[in-house]
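Residue-level listing of the chains:
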Amino acid sequence: MDTKKGGEWCCVDAVSAPLVVDGNGVGVVVIVKDVTEQVAAERRLQVSEERYRSLVQNSLDGIILHVDTGDLADAEVLAANPAACKILGYTEEELIRGGTALFFRPDDTDRRFHKVLSEFRRTGLYQGDLVYWRKDGVKLPVEVAASIFNGADGRRVCSVNFRDITERQRVQRELRQSREQIRTMWSMLHSVREEEQKHLARELHDELGQLITAIRLEIGMLKRLPTPLDQQQVRDKLMDLEVMVDATRDASRRIAAGLRPRALDDIGLAGACDWLINEFGRTSGVPHYLHLSHTEFLLSSEVATAAFRVVQEALTNVARHARATRVDVTLTLYEERCFRLLIEDNGSGFDQEGLEPKASFGLRGMRERIHMLNGHLEVQSRLGQGTRVTAEIPLAGDVFRDEVSTKRRIVSTHVLHSALAWRRCRASPA
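How each quantity is defined
- Residues numbered from 1 in each chain as written.
- Predicted model: local features only at pLDDT ≥ 70, side-chain atom pairs only at ≥ 80, totals over all residues.
- Heavy atoms only, no water.
- Helix = DSSP H or I, 4+ residues; strand = E, 2+ residues; numbered from the N terminus.
- Buried < 20%, exposed > 50% of the residue type's maximum accessible area, 1.4 Å probe, protein only.
- Areas by Shrake-Rupley, 256 points an atom, 1.4 Å probe, with all protein chains shown as cover.
- Pairing = 2+ DSSP bridges.
- Axes fitted to C-alpha atoms, helices over the stretch in contact; angles between N-to-C directions.
- Contact = heavy atoms within 4.5 Å.
- Phe/Tyr/Trp six-rings, centres within 6.5 Å; stacked < 30°, edge-to-face > 60°.
- Right-handed = clockwise from strand over helix to strand, strands pointing away.
- Core = buried A, V, L, I, M, F, W, Y, C linked by side-chain atoms within 4.5 Å.
- pLDDT = per-residue confidence, 0-100.
- 1 Å grid on protein atoms, 1.4 Å probe; cavity = no way out; pocket = protein on both sides within 12 Å on 5 of 7 lines; lining within 4 Å.
- Points joined across faces, edges and corners; volume = space filled by probe spheres on them.
- Polar contact = N/O pair within 3.5 Å; in protein donor to acceptor, adjacent residues only side chain to side chain.
- Expected span 1.5 Å × (residues − 1).
- Arc of directions from axis to C-beta.

A. Fine view of the overall build of the protein. Scanning the protein from N- to C-terminus turns up ten helices and 13 strands. Within the protein, the proportion of its 430 residues that are buried is 34%. Carbon and sulfur atoms make up 54% of the accessible area of the protein, which totals about 28,200 Å².

B. Representation of the sheet that holds strand S5 (residues 77-80) in the model. The antiparallel open sheet is built from five strands, whose spatial order is S5-S4-S8-S7-S6. The open sheet is flanked by S5 and strand S6 (125-133), the only strands paired with a single partner. With direction set aside, neighbouring strand axes in the sheet form an average angle of 25 degrees. Helix-sheet contacts for helix H4 (residues 111-123) involve S6, strand S7 (139-150) and strand S8 (156-164), and the interaxial angle to S6 is about 140 degrees.

C. Summary view of the sheet that holds strand S10 (residues 327-334). With respect to topology, five strands assemble into an open sheet ordered S9-S10-S11-S13-S12, the strand pairing being mixed. Two strands bound the open sheet, and with one partner strand each, they are strand S9 (288-292) and strand S12 (376-381). This sheet shows a mean twist of 10 degrees between the axes of neighbouring strands, independent of strand direction. With six bridges connecting them, S12 and strand S13 (residues 387-394) associate as antiparallel partners. Each bridged residue has a counterpart across the sheet, and for Glu378 the counterpart in S13 is Thr390. Where helix H8 (residues 301-322) meets the sheet, its contacts fall on S10, strand S11 (338-345), S12 and S13, and the angle it forms with S11 comes to roughly 10 degrees.

D. The packing of aromatic side chains, seen in detail. The full count for this structure, using the stated rule, is four aromatic pairs. Look at Phe104 and Tyr132: their rings are 5.7 Å apart centre to centre, the planes differ by 70 degrees, and that puts the pair in the edge-to-face class. Remark: Tyr132 occurs in strand S6 and Phe104 occurs in the loop between helix H3 (92-98) and H4; sequence separation between them is 28 residues. Measuring from ring centre to ring centre gives 5.2 Å for Tyr132 and Phe162, while their planes differ by 75 degrees; the resulting arrangement is edge-to-face.

E. Up close: the pairing of S9. For S9 and S10, the ladder comprises five bridges, and the chain directions are parallel. Across the sheet, Tyr289 pairs through a bridge with Asp328, a residue of S10. Handedness of the crossover is the feature at issue here: the chain leaves S9, passes through H8, returns alongside S10, and the resulting connection is left-handed.

F. Representation of the pairing of S7 within the structure. Inspection of the sheet shows S6 paired to S7 by nine bridges, in the antiparallel sense. When the bridges of S7 are listed, Val131 appears paired with Pro141. Where S7 folds back on S8, the antiparallel hairpin that results is connected by five residues, among which Gly154 adopts a positive phi of roughly 90 degrees.

G. Main features of the nonpolar core. Membership of the largest hydrophobic core comes to 40 residues, with the highest contact counts inside it found for Leu269, Phe339, Leu341 and Ile343. Mapped by element, the contributors of at least two residues to this core are helix H7 (262-284), H8, S10, S11, helix H9 (361-371), S12 and S13. Looking at this core element by element, the count peaks at eleven residues for H8. Leu341 has contacts with Ala307, Val310, Val311, Thr330, Leu331, Val389, Thr390 and Ala391, leaving out every residue within four places of it along the chain. Formed by 28 residues, the second largest nonpolar core is a distinct cluster that contains Leu130, Val142, Val160 and Phe162.

H. Fine view of the confidence of the model for the protein. Residue-level pLDDT values for the protein average 76, and 72% of them are 70 or greater. Averaged over each element, pLDDT in the protein is lowest for helix H10 (residues 403-427) (42) and highest for S13 (93). Scored below 50 in pLDDT, residues 398-430 shows 36 contacts in the model against residues more than four places distant or in partner chains.

I. Empty space enclosed by the protein, seen in detail. Counted by the stated rule, this structure contains one cavity of 30 Å³ or more. Forming the walls of the largest cavity are 15 residues, and the residues nearest its centre are Leu72, Phe104, Leu130, Tyr132 and Val160. Elements supplying a minimum of two residues to the lining of the largest cavity: H4, S6, S7 and S8.

J. Structural detail: the side chain of Thr305. Note on placement: Thr305 falls in helix H8. Polar contacts involving the side chain of Thr305 include one to the main-chain carbonyl oxygen of Ser301, which spans 2.7 Å.

K. Structural detail: H4. With 13 residues, H4 should cover 18 Å at 1.5 Å per step; its first-to-last C-alpha distance of 19 Å lies within 8% of that length. Within H4 the residues assigned to the buried category are Phe113, Val116, Leu117 and Phe120. Down the axis of H4, the buried side of the element spans an arc of 100 degrees, and every buried residue falls inside it. Across H4 from its buried face, at more than 90 degrees, point the exposed residues Arg111, Lys115 and Arg122.

So this is what it looks like as structure tokens:
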């Protein structure tokens, strides 16, 4: 009961007993004990227990209390919080009935586990990774923090906090794979650059160098010819020189186009792709079709270059590996917000899962080009069913309006189309 002590209320525990007074009557003796501190301590303990219970019940980590029997794989479970039940797929009653054997099944031959167990028995603490088993039979990698303390009944109790790290391990695995791919791509890029430099040097030396040497020899022969020369001799030599000069010009243009296609700057993406796909058809003999949603696409240089290189790489792959009888290239602009590129062939296709890293270098290069522009590239292929390459690039701020550039490109496009039509007429039989 409560009473006043020094003007303040305090808690007391009173015990009464009967007492005979002088034989004339019965009195009562009251023994009073101040228990204020004891009550306050009990209240603090109750608040602490409620706070602990709230923390355990609302924790996102799984928490299990089990008896420390020396065998972590066969111990009595005392309690489990909702997070532990959700992660493992068991109810708390099932865990209490089945014990730790329900979810913890270490391999007896696992030396690492025995080392961990020995350290845990020695120090009473453990932090690290283990493997638990869900109720549905799925292995679950978990991060564990465990400790041992003495329970109220004198038994040693093990407290285990754990969390599912499946997603973390997946991200780490993908990160390692990404780093390995970067190293592989860098190695391949270095090799490709060296090969391109060798190829360029070889073309400059073997083709341009030989043509220039031949021109110089022809000029030297003209100087050494006796004078006077008749007109026919001069005309023949000049015609030879003209042929060599034209061949030199064509070779230089072809080499320069391999480095940076001038058509992309002069006539835009549509005209450059028209030239590219016709060159592909001329060298491969594969029927080809170009589909355009617009006569011209006013794109930034970065987007146009990336799209052109993707088409170039895809056509190169078709020519080398596909054995196709038809190729379709489609360029589409959606309300000036998204540019879409599609290259389809009806060739042999390939198994994307079994593709070797070296063979997939070109595909990864295309994908990285598009990703750098916040776009998305998808490759769909199956053996015997052809290949479909789809790239989509958002155009927020990339479409520009330059009236002079637009007029120049339109005129250049007409010039290119006229030149292509003239060349086709000359190539066709009379």
